[in-house]
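This is what each chain is made of:
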Amino acid sequence: MTAIYRQVALIGLGLIAGSMAHAMREAGLAGRITGHARSAATRDTAREIGLCEVFDTAAEAVRGADLVVLAVPVGAMGPVMEEIAPHLAPGATITDVGSVKQSVIDAVMPHLPEGAHFIPGHPLAGTEHSGPRAGFATLFRNRWWLLTPLPDTDPQALARLESLITAMGAKTDRMGAPHHDLVLAVTSHAPHLIAYTMVGVADHLRRVSGEEVIQYSAAGFRDFTRIAASDPTMWRDVFLHNKEATLDILGRFTEELFVLQRAIRMGDGQQLHDYFTRTRAIRRGIIEAGQDTGAPDFGRTPGANPAE
Ligand SMILES: NC(=O)C1=CN([C@@H]2O[C@H](COP(=O)(O)OP(=O)(O)OC[C@H]3O[C@@H](n4cnc5c(N)ncnc54)[C@H](O)[C@@H]3O)[C@@H](O)[C@H]2O)C=CC1
Ligand SMILES: O=C(O)C(=O)Cc1ccc(O)cc1
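Residues numbered from 1 in each chain as written. Chains lettered and ligands numbered in written order. Predicted model: local features only at pLDDT ≥ 70, side-chain atom pairs only at ≥ 80, totals over all residues.

- Looking at an unreviewed UniProt entry, one finds the protein chain named prephenate dehydrogenase and attributed to Paracoccus aestuarii.
- The UniProt entry for the protein chain carries the following comment under Catalytic activity (unreviewed entry): "prephenate + NAD(+) = 3-(4-hydroxyphenyl)pyruvate + CO2 + NADH".
- The Sequence similarities (unreviewed entry) field of the UniProt record for the protein chain holds the comment "Belongs to the prephenate/arogenate dehydrogenase family." (UniProt positions renumbered as here; feature names shortened; annotations may be inferred.)

### Concerning the domain arrangement of the protein chain
Phase 1: Domain boundaries in the protein chain define domain 1 (5-175) and domain 2 (179-288).
Phase 2: Using C-alpha coordinates to define each centre, domain 1 is positioned 30 Å away from domain 2.
Phase 3: Each side of the interface is counted separately: domain 1 has 14 residues, and domain 2 has 17 residues.
Phase 4: Among the residues forming the side of domain 1 that touches domain 2, the class breakdown is 5 nonpolar, 7 polar and 2 charged. (Domains from an automatic or database assignment. Contact = placed C-beta atoms within 7 Å. Nonpolar A, V, L, I, M, F, W, Y, C, P; charged D, E, K, R; others polar.)

### Considering the sheet that holds strand β2 (residues 30-36)
Phase 1: Across the sheet, which stays open at both edges, the 8 strands sit in the order β3-β2-β1-β4-β5-β6-β7-β8 with mixed pairing between neighbours. Of all the strands in the sheet, the pair left with one neighbour each is β3 (53-54) and β8 (171-174).
Phase 2: Examined bridge by bridge, strand β1 (residues 5-11) and strand β4 (residues 67-70) share 4 bridges and lie parallel to one another. Its bridge partner being in β4, Val-8 is matched across the sheet by Leu-67.
Phase 3: The sheet strands contacting helix α6 (residues 155-167) are β1, β5 (93-96), β6 (117-123), β7 (144-147) and β8, and the helix crosses β6 at an angle near 30°. (Pairing = 2+ DSSP bridges. Helix = DSSP H or I, 4+ residues; strand = E, 2+ residues; numbered from the N terminus. Axes fitted to C-alpha atoms, helices over the stretch in contact; angles between N-to-C directions.)

### Quick notes on helix α1 (residues 15-27)
Phase 1: Taking 1.5 Å as the rise per residue, α1 with 13 residues should run 18 Å; its terminal C-alpha atoms sit 18 Å apart, in good agreement.
Phase 2: Summarising burial for α1: 10 of the 13 residues are buried, a large majority.
Phase 3: Within the sequence span of α1, burial applies to Leu-15, Ile-16, Ala-17, Gly-18, Ser-19, Met-20, Ala-21, His-22, Ala-23 and Met-24.
Phase 4: Along its buried surface, α1 packs onto β1, β2, β4 and β6.
Phase 5: Positive phi appears at Gly-28, one or two residues downstream of α1, with a value of about 65°. (Expected span 1.5 Å × (residues − 1). Buried ≥ 20, exposed ≤ 12 C-beta atoms within 10 Å, placed from the backbone.)

### Description of the site of ligand 1
Phase 1: Among the 30 residues in the neighbourhood of ligand 1, the closest are listed as Gly-12, Gly-14, Ser-99, Gly-126 and Ser-130.
Phase 2: Mapped onto the shell around ligand 1, the elements with two or more residues apiece are α1, β6 and α10 (232-241).
Phase 3: Taken together, the residues of the shell around ligand 1 break down into 17 nonpolar, 11 polar and 2 charged.
Phase 4: No fewer than three residues from each of domain 1 (5-175) and domain 2 (179-288) sit in the shell around ligand 1. (Near = placed C-beta within 6 Å.)

Below is the structure:
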């Protein structure tokens, strides 16, 4: 395939940027791939595995790039944009891959130079692994990649970015940033917090009842521990930057939990059965819509992750 961008600069060299580098190289989508990460250890690893041309500063990495991808924790997007702004090529497109959209738009837009395009994005694909070794080329295959363009986004710049995303194997959709943040609070952010909490509860119990919680952990708990092994910095930033929507969903979650708790206390088997019948139908709907690979870990092709 002919290259879609002359030079793609990746800022932050972790799971998502690493997967993009592999996917773009495999399909020949970028003339050059340059990159930068804040930590020297990460830059060394990225050089060692030949991820991209690694630079010691973000300014050098973005020089001449027609696409810049911000792939750092959500709370770092604004400061990174401020740092690279004076060094961007005229007319460059900047996108991000953050799990929250409105706060990233608010943090990035004030630093956007005249003539540059900012198109916020979010690949709905990931794993609990992080860092430059965690990336793999097939991460985005058959996954959604949501874009939350601003009203005055240049249609040509948008179409070009969408062509890169689809060439990496993903499906694109567009929506407003506030709607994105609410949808993701339901489907990703609150579930992650619930998993973190459940593992915390089990950890507390473990101290009380020895090693049994771990030793006899059934599949449900194992799934929680996988999710709760996700990067602490990334998830701290997600909750701090999608505060309202996450708190709204957690409030609703708590209300439902009380309803089920009461049904158990009252021995109301009918209510529990009805509830679980409804949730089973939701799961079946997801599978019929082709949104589940059947693999225990969302977005990952078994065995394709070199970090494992
Ligand atoms: N991990 C996942 O499953 C998914 C993550 N995302 C989003 O993608 C973004 C990146 O996540 P991952 O690739 O998983 O993270 P990661 O932890 O694997 O990599 C983050 C990279 O950013 C660098 N970094 C951190 N602060 C920096 C700063 N101030 N300046 C320059 N570099 C900095 C780190 O050194 C590291 O190289 C996050 O915003 C996250 O919300 C989106 C979809 C899925
Ligand atoms: O590993 C999992 O289960 C995930 O849910 C991956 C993931 C994490 C964060 C995102 O913003 C999108 C996808």
